[in-house]
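# Structural features, examined
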Amino acid sequence: MTLATIMNAIVLTGHGGMDKLEYRTNYPVPTPGDTDVLIKVGACGMNNTDVNTRSGWYSKGVTEATTGDGYDTVDSDDPSWGGAPISFPRIQGADVCGEIVAVGSDVDSSLIGERVITDGWLRDWNDPMNKDKTGYFGSERDGGYAQYTVTDYRNAGIIHSELTDAELATFSCSYTTAEGMLARANVNADDVVLVTGASGGVGSALVQLAKRRGAKVVGMASDEKHESVLALGADAMLPRSPNNLSSALKQCIGQSTVTVVADIVGGKAFSAIIDVLSRGGRYTCSGAIAGPIVDLDLRTLYLRDLTFTGSTVLPPSIFKDIISYIERGEIKPVLSATYPLEKFHEAQAAFIEKKHTGNIVVTP
Ligand SMILES: NC(=O)c1ccc[n+]([C@@H]2O[C@H](COP(=O)([O-])OP(=O)(O)OC[C@H]3O[C@@H](n4cnc5c(N)ncnc54)[C@H](OP(=O)(O)O)[C@@H]3O)[C@@H](O)[C@H]2O)c1
C-alpha cells in the first residue's frame, strides 16, 4: 500500500485562545521511529487536557476555573501538565482509535492491520514505572487530531469490539484516569462513593467503574443531566452544589456521609464534600475544573483520619484493564456528539460549553 505523505491536521501554534488551533490540509504525515507504529486515525476523543494545555491553565500563575479562554497570567516556565514548556507546532488529541498502517524497523510487521486505541502515557519503556520519565500523547509529542499519528507500539492497545471508532475513542483518557483514582482510593463493594462532575468524561467513567467494583454511587451534576447519569448506573443524583450536602445525602441514600469522594471539580464545593466524608474516609482527585485553589480545614483532615490521594500518571496495567472491560462489555461508551476534524473549533466550543453528558469525538 502506498502511504499518503501529507494530511489534514489541527495544529496548536502556541498557548492562548481558540485562534491558536489551525486547520491545515498540507501537514506532513509523521514517520514512525524504530519502535513506533503509524496509525490511520478513525476517531479522536476530546479531553480537558487539550483545553488546559492550549490555554496554559496548568501554570501555577493561573488560579481560576477552566474557562477555555487564554489566561494573561500563564508563566512560560510551567504551562503544561508536567510543569515544563512544550514545543510548537503541536498536534493535540490523546484518545485515538484507528488502524496500524505501518511500523518502525524494530516492530513486528504483523501488527499492520490491527485495530487499536492509544494509551496516552508515554514512557521510558526501559523504566516504565518511573513517573518522572513520562510524557503525554498530544502534549510532549503529537497526538491524534489528524489523519495519521505515530506512537510507540506499546502505547497502541489492540482491541476487538463491535463498537464504532468514535465510541472507542471516548474511553482511554477518561476511563484510565477514573480507574486510577478508584485504585488509589481502594474502592470496593463496601464503599459509598460521591462523584463530582458525574456527567463528564471522567465522571461518567467513575460512575460506571465504581459500580463495576460493587460500590454504591452518588453523583453530582447539573439537574438536566441527572437522568443520563442514572442510566449509567448511579444509585442517586444530587445537584452540582446542594445547599446542605449532608442532609441532601441523608434524603437520597438514608445516610449523611460517604466513605469515598472521587473529585474532578474542586473549587468552592471542596469544603462541603470533604465534610461529608466518614471517619477514615478517602478523598481522591484528578482534576479541578471549577478551580484549583480550595479551602481546607486541617482539623477535618486529621481529626477525621482522612486519606487524600492525587492521581495522574498511571501504571501501564490500568490501560490493559480498561481494554478488557470494554471487550467484555462491562463499561459502555457515552458518546454525545461527533464532529468532522475541520469543524474542530465548533467541537471544542461545544465541549467547553458542557451541555453534553460523556464525551465528544472528532473524525478526520
Ligand atoms: N489527572 C488526569 O490525568 C486527568 C485526566 C482527565 C481529566 N482530568 C481533569 O478532570 C477534570 C474533568 O475532566 P472531564 O474530562 O471529566 O471533564 P468534562 O467532561 O468537561 O466534565 C466535567 C464536568 O464537571 C462539571 N463542571 C464543569 N464545570 C463545573 C463547575 N465550574 N462547577 C461544578 N461542576 C462543573 C460538569 O458537569 P455539570 O454541568 O453536569 O455540572 C461537567 O460535566 C478536568 O479538570 C480535567 O482536566 C485530569
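### Section: the nonpolar core
Counting 95 residues, the largest nonpolar core has Val-193, Leu-206 and Val-258 as the members making the most contacts within it. When residues are assigned to domains, this core turns out to be shared by domain 1 (6–170 + 333–363) and domain 2 (173–310), each giving three or more. Among all residues touching Leu-206, those that are not within four sequence positions of it are Ala-178, Met-181, Val-195, Ala-198 and Ala-262.

### Brief notes about the site of the ligand
Gly-197, Gly-200, Gly-201, Ala-221 and Gly-287 are the nearest of the 29 residues found near the ligand. Elements that contribute at least two residues to the shell around the ligand include exactly α1 (48–55), α3 (172–184) and α4 (201–212). Residue composition of the shell around the ligand, grouped by class: nine nonpolar, 17 polar and three charged. Looking at which domains feed residues into the shell around the ligand, each of domain 1 (6–170 + 333–363) and domain 2 (173–310) gives three or more.

### Quick look at the domain arrangement of the protein chain
Taken as a whole, the protein chain is organised into domain 1 (6–170 + 333–363) and domain 2 (173–310). In this structure, domain 1 and domain 2 have C-alpha centres spaced 27 Å apart. Every contact between the two is made by 14 residues of domain 1 and, on the other side, 15 residues of domain 2.

### Section: unusual backbone geometry
For the bond from Phe-88 to Pro-89, the omega torsion is 0°, close enough to zero to count as cis. On the secondary structure map, Pro-89 appears in the loop between α1 and β4 (95–103). In this structure, Asn-186 takes a positive phi of about 50° despite not being glycine. Asn-186 sits in the partly exposed class, given 13 other C-beta atoms within 10 Å. At Lys-354, a residue that is not glycine, the phi angle is positive and equals roughly 60°. Tracing the backbone shows Lys-354 in the loop between α10 (344–353) and β17 (359–363).

### Structural notes on the sheet that holds strand β13 (residues 258–263)
Strand order in this open sheet of six strands is β12-β11-β10-β13-β14-β15, and the pairing throughout is parallel. Across the chains shown, the open sheet's two edge strands, defined by having one partner strand only, are β12 (236–238) and β15 (307–310). The sheet shows a mean angle of 20° between the axes of neighbouring strands, direction not considered. Sheet analysis places β13 next to strand β14 (residues 277–285), joined by five bridges and oriented parallel. The residue bridging Ala-262 from the neighbouring strand is Thr-284, located in β14. Along the sheet, α4 contacts β10 (192–195), β11 (216–220) and β13; its crossing angle with β11, the most-contacted strand, is approximately 170°.

### Section: α1
Among the eight residues that make up α1, eight are buried, leaving the element largely enclosed by the rest of the structure. All of the buried residues in α1 are Asn-48, Thr-49, Asp-50, Val-51, Asn-52, Thr-53, Arg-54 and Ser-55. Looking at the buried residues of α1, the elements they touch are β1 (6–12), β2 (21–28), β7 (134–136) and α10. Positive backbone phi, at 85°, marks Gly-56, one or two positions downstream of α1.

Each value, and the rule that gives it
- Residues numbered from 1 in each chain as written.
- Predicted model: local features only at pLDDT ≥ 70, side-chain atom pairs only at ≥ 80, totals over all residues.
- Core = buried A, V, L, I, M, F, W, Y, C linked by C-beta atoms within 7 Å.
- Buried ≥ 20, exposed ≤ 12 C-beta atoms within 10 Å, placed from the backbone.
- Domains from an automatic or database assignment.
- Contact = placed C-beta atoms within 7 Å.
- Near = placed C-beta within 6 Å.
- Helix = DSSP H or I, 4+ residues; strand = E, 2+ residues; numbered from the N terminus.
- Nonpolar A, V, L, I, M, F, W, Y, C, P; charged D, E, K, R; others polar.
- Pairing = 2+ DSSP bridges.
- Axes fitted to C-alpha atoms, helices over the stretch in contact; angles between N-to-C directions.

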